[in-house]
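# Analysis of the macromolecular model
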Amino acid sequence: MPSRRALIGGAAASVAAAVLAAPHVRAQVQPQVVVVGGGFAGASCARALKQLDRDLAVTLIEPETAYLACPFSNAVLAGLRGIEAQTFGYDRFGDIGLIRKRAVSVDAERRRVRLEDGTDIGYARLVLAPGVDLRFDALPGYDEPAAEIMPHAWKAGPQTLLLRDQLAAMPDGGVVILSAPANPFRCPPGPYERASLIAHYLKTSKPRSKLIILDAKDAFSKQRLFEAAWRELYPGLIEWVPLSSGGRVTEVDQTTRTLVTEFGSHKANVANVIPPQRAGRIAQSAGVADQTGWCPIDPVTFESRLQPAIHVVGDAAIGGAMPKSAFSANAQAKACAAAVVALVRERQPVQPKLINTCYSLVAPGYGISIAGVYQPRDGLLAEVEGAGGTSPLEAPSSVRELEAAYAEDWFRTITSEVFG
């Protein structure tokens, strides 16, 4: 039986074949494809579009001067990595047009994107990659001012540094509480990697401290692997409180750093509240988000099911079984680019096969992963049975070290590919 890595490699080859299958066509007319959002999904899509058809006029709209990557940002919290290692610029995008303004609305009927300065830009096809917005309306007591006291740090940058500094200032013997939301949200294993690396920091710097995870779920990604690692590395340090035991946070009090659940209340020295999320704001104004707050898409083309000629990739999209991760965003962006090129050149899009691998660090030199292969089925992206899987539960330290090295290699490779 082929190994998990061989299966994933075969799927990757399938994705590459689908992306590269579109023949290059030189044309006098340059169709305008506009991409909104310069994260892993948007920047990957803009690059792939230009690589597949250099005669496309590709414009990337991104107001920020640099992108702060979320993968590996949990290592910043633990003092294992500087924030500069998470920072990537937009100065290597060649002949891709770059507009450094915020897109504020979309006129789907006229096919125009309105910018924050009141100007607008037309498109033949529009790709939205807005990431997520945090739902500050979803948890009583938790709003943007509260996030300056009880940081979410779910968007890398100042919030990451704030939470890092709060952990550094906490006295030994303090209590750190992490509140994890219900699905769906960005990076399903992220809260548990974060808990692990914070636990590493506490174990090495503040060993009398404790970390409590208040969870709105009864199960989470890579759970058996995380829990085995916690028993091995952090015995008695991490307490996980699931939904069925009163883990869902229903209210917070920012003045006392208290998190209230259906079963009681918990007072923290440092509180990391990760709120519910939804697709980024531009998706709402473009009319591509449904009542769930996320964007239904055609799994072959990533075209919105609500608005024609608008495609949605990355965390904002309803990806079926495919999780919201940087790896997924990059894979979806390439498949979407191939479909967009086919559509503007009046060809039939190729059905994609997509992969995702999500690495998590539990400690320095200790990595675990989960991988999957996905393809369109019944209108969604469905997992291919028998492909992918997780790291072995019982594995020697050499395997964990290798997975941690794979994670570092993946991050270097994807950021170099996407940002140059």
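Residues numbered from 1 in each chain as written. Predicted model: local features only at pLDDT ≥ 70, side-chain atom pairs only at ≥ 80, totals over all residues. Heavy atoms only, no water.

This part takes up helix α2 (residues 40-52). If you check α2, its first and last C-alpha atoms are 18 Å apart, about what 13 residues at 1.5 Å a residue would give, namely 18 Å. Burial runs high along α2: twelve of the 13 residues are buried. Of all the positions in α2, only Phe-40, Ala-41, Gly-42, Ala-43, Ser-44, Cys-45, Ala-46, Arg-47, Ala-48, Leu-49, Lys-50 and Leu-52 are classed as buried. (Helix = DSSP H or I, 4+ residues; strand = E, 2+ residues; numbered from the N terminus. Expected span 1.5 Å × (residues − 1). Buried < 20%, exposed > 50% of the residue type's maximum accessible area, 1.4 Å probe, protein only.)

A word on the UniProt feature "domain: Flavocytochrome c sulphide dehydrogenase flavin-binding" (unreviewed entry) in the protein chain. Here the UniProt-annotated "domain: Flavocytochrome c sulphide dehydrogenase flavin-binding" (unreviewed entry) positions come out as residues 351-419. Counted over residues 351-419, helix gives 33% and strand 41%. Its end C-alpha atoms are 27 Å apart. (UniProt positions renumbered as here; feature names shortened; annotations may be inferred.)

Per the UniProt record, the feature "domain: FAD/NAD(P)-binding" (unreviewed entry) sits at residues 32-144. Between the C-alpha atoms that bound residues 32-144 there is a distance of 37 Å. The span itself is 17% helix and 34% strand.

The three strands are arranged β14-β15-β16 in an open sheet whose pairing can be described as antiparallel. Among the strands making up the open sheet, the edge pair consists of β14 (249-253) and β16 (264-267). For this sheet the average axis-to-axis angle between neighbouring strands, irrespective of direction, equals 25°. Where β14 lies against strand β15 (residues 258-261), four bridges are found, and the strand directions are antiparallel. The residue of β15 that forms the bridge with Val-252 is Leu-259. (Pairing = 2+ DSSP bridges. Axes fitted to C-alpha atoms, helices over the stretch in contact; angles between N-to-C directions.)

General note: in soluble globular proteins, nonpolar side chains tend to be found buried as a group. Grouped together as the largest cluster of nonpolar side chains are 117 residues, with contacts concentrated most on Leu-49 and Val-113. Sequence-distant contacts of Val-113, defined by excluding residues within four places in its chain, comprise Val-34, Val-36, Ile-61, Ala-103, Ser-105, Val-106, Thr-119, Asp-120, Ile-121, Tyr-123 and Leu-126. Leu-139, Ala-147, Leu-214 and Val-249 belong to the second-largest nonpolar core, a separate cluster that totals 15 residues. (Core = buried A, V, L, I, M, F, W, Y, C linked by side-chain atoms within 4.5 Å. Contact = heavy atoms within 4.5 Å.)

Topologically, Ser-179 is positioned in strand β11 (residues 175-180). Residue classification places Ser-179 among the buried residues on the basis of a relative accessible area of 5%.

Mapped onto the elements of the fold, Lys-50 is located in helix α2. Separated by 287 residues in the primary sequence, Lys-50 and Ala-337 have C-alpha atoms spaced 8.9 Å apart. Once you skip the residues sitting within four places of it in the chain, Lys-50 turns out to touch Leu-56, Ala-57, Val-58, Asp-95 and Ile-96.

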